[in-house]
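Structure assessment
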Amino acid sequence: MIKREVLEENNQLVQQIAMSFYLTLPRTTKIDIDSLKIVEIFNSLDPNSFLWEANPNLFNRTYFYLGKDNSEKLTEKIFEQTKNNSVKFRLLTQKYYNARYKNDEGKLKELYKMVSDEFGDTESGKAFLKQFKIVTKIKEGADIPDFSVKSFDDSTKIFSKSNMLGKIYLIDFWATW
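Everything quoted here is computed from the prediction, not taken from an experiment. (Residues numbered from 1 in each chain as written. Predicted model: local features only at pLDDT ≥ 70, side-chain atom pairs only at ≥ 80, totals over all residues. Heavy atoms only, no water.)

1. A few points about the overall build of the protein chain
The condition that has to hold: Strands here are runs of E lasting at least two residues and helices are runs of H or I lasting at least four, both read from the DSSP assignment and numbered beginning at the N terminus. For every residue, the accessible area obtained with a 1.4 Å probe (protein chains only) is divided by the maximum for its type, and the residue is called buried under 20%, exposed over 50%, and partly exposed between those limits. Only heavy atoms matter for contacts: two residues are in contact if any of them lie within 4.5 Å across the pair. Shrake-Rupley sampling with a 1.4 Å probe provides the accessible areas, and residues are treated as covered by the protein chains on show and by no other component.
Counting its regular elements, the protein chain contains 9 helices and 2 strands. Reading the protein chain from its N end, one meets helices and strands in the order α-α-α-α-α-α-α-α-β-β-α. A total of 177 residues make up the protein chain; the buried ones form 30% of that total. Sequence separation of 24 or more characterises 47% of the internal contacts of the protein chain that already satisfy a separation of 6 or more. Element-wise, carbon and sulfur atoms account for 54% of the exposed surface of the protein chain, whose accessible area totals about 12,600 Å².

Written out as structure tokens, the structure is:
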């Protein structure tokens, strides 16, 4: 029923808003909308449309519905044309994760410079650059980078690379999510 209402909507902006949220609803299978209609909807969204910022899952769904190549073309077009810094930053971080997945060190350096130049003075940019420096030092087979961590049991006790040398420890990294 929602699909029919969305597709029959005459106002293009209302249809784009409704479809962008319909396409990003949680589901385990693709929706039964003609793939050409989905491509048309994605391509009709202006690179400066507020929907790219309002619906963060929209970028992820481009991969799901458009495929890798078409999705990358669309996101590159948006990246080049958008005037929205929030959208541009999100796309830069997406490019970073893609380059990291591919172990493309040249691309990673290029993206680091872009973030530094364009977003280095923002809180998001600073956090990203700090994390980037840490993550790029961690590689399989490489020495562990310098670190220091307070003990949970005794806040005066500090664990660091230097005071753990020559000892065997299991370090378990985890997150609550």
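2. Overview of helix α5 (residues 57–81)
Quick note on the threshold: One fewer than the residue count of a helix, multiplied by 1.5 Å, yields its expected span.
Compared with the 36 Å implied by 1.5 Å per residue over 25 residues, the 19 Å span of α5 between its first and last C-alpha is markedly short. Taken together, the buried positions of α5 are Leu 58, Phe 59, Arg 61, Thr 62, Tyr 65, Leu 66, Ser 71, Leu 74, Thr 75, Ile 78 and Phe 79.

3. Things to note about helix α6 (residues 85–101)
One turn of the α-helix equals 3.6 residues, which is why residues spaced by three or four share an orientation. Quick note on the threshold: Contacts described as polar in this section are N or O atom pairs within 3.5 Å, which, within protein, must combine one atom able to donate a hydrogen with one able to accept it, while residues neighboring in sequence count only if both atoms come from side chains.
Its 17 residues place the ends of α6 24 Å apart at the C-alpha level, agreeing with the 24 Å of an ideal helix rising 1.5 Å per residue. For α6, the full list of buried residues reads Val 87, Lys 88, Phe 89, Leu 91, Leu 92, Thr 93, Gln 94, Lys 95, Tyr 96 and Ala 99. Of the residues flanking the start of α6, the one acting as N-cap is Asn 84, its side-chain oxygen 2.8 Å from the backbone nitrogen of Ser 86. Immediately downstream of α6, the backbone of Asn 103 shows phi near 55 degrees, a positive value.

4. Quick look at the nonpolar core
Applied cut-off: Throughout this description, the term nonpolar core refers to a set of buried Ala, Val, Leu, Ile, Met, Phe, Trp, Tyr and Cys residues connected via side-chain atoms within 4.5 Å.
Counting 29 residues, the largest nonpolar core has Phe 42, Trp 52, Ile 78, Val 115 and Phe 128 as its most contacted members. The set of elements that each furnish at least two residues to this core consists of α2 (12–23), α3 (35–44), α4 (51–54), α5, α6, α7 (105–119) and α8 (123–137). Looking at this core, the element that brings in the most residues is α5, giving 7 residues. With residues near it in sequence (within four places) discarded, Trp 52 still touches Phe 42, Leu 45, Asp 46, Pro 47, Leu 58, Phe 59, Thr 62, Leu 74, Ile 78, Val 87 and Arg 90.

5. So, the environment of Asn 57
Mapped onto the fold, Asn 57 is located in helix α5. When the C-alpha atoms of Asn 57 and Leu 25 are compared, they prove to be 9.1 Å apart, with 32 residues separating the residues in sequence.

6. Topic: the pattern of salt bridges
To be explicit about the condition: By definition, a salt bridge exists where a carboxyl oxygen of Asp or Glu is found within 4 Å of a side-chain nitrogen of Lys or Arg.
The full count for this structure, using the stated rule, is 5 salt bridges. In this structure, Lys 126 and Glu 123 form a salt bridge, with 4.0 Å as the shortest nitrogen-oxygen distance. Of this pair, Lys 126 and Glu 123 both sit in helix α8, 3 residues apart, which is roughly one turn of that helix. Classification of Lys 126 by relative accessible area gives partly exposed; the value is 43%.

7. Notes on the side chain of Ser 151
Relative to the helices and strands, Ser 151 is located in the loop between β1 (148–150) and β2 (158–160). Reaching out from Ser 151, the side chain makes a polar contact with the backbone nitrogen of Asp 154 at a distance of 3.3 Å.

8. Remarks on the packing of aromatic side chains
Condition: Note on ring pairs: Phe, Tyr and Trp rings are taken, using the six-membered ring of Trp, and paired if centres are within 6.5 Å. Classes follow the plane angle, with under 30 degrees stacked, over 60 edge-to-face and the rest tilted.
For the coordinates displayed, the defined rule picks out 5 aromatic pairs. Ring geometry for Trp 52 versus Phe 59: centroids 4.8 Å apart, planes at 20 degrees, classification stacked. Taking the relative accessible area as the measure of exposure, Trp 52 reaches 0% and is therefore buried. Ring centres 5.2 Å apart and planes at 65 degrees place the aromatic pair Phe 89 and Phe 119 in the edge-to-face group.

9. Some thoughts on the side chain of Ser 160
Checked against the element boundaries, Ser 160 lands in strand β2. Reaching out from Ser 160, the side chain makes a polar contact with the side chain of Ser 162 at a distance of 3.1 Å. Residues contacting Ser 160, with those up to four places away along its chain left out, are Phe 147 and Ser 148.

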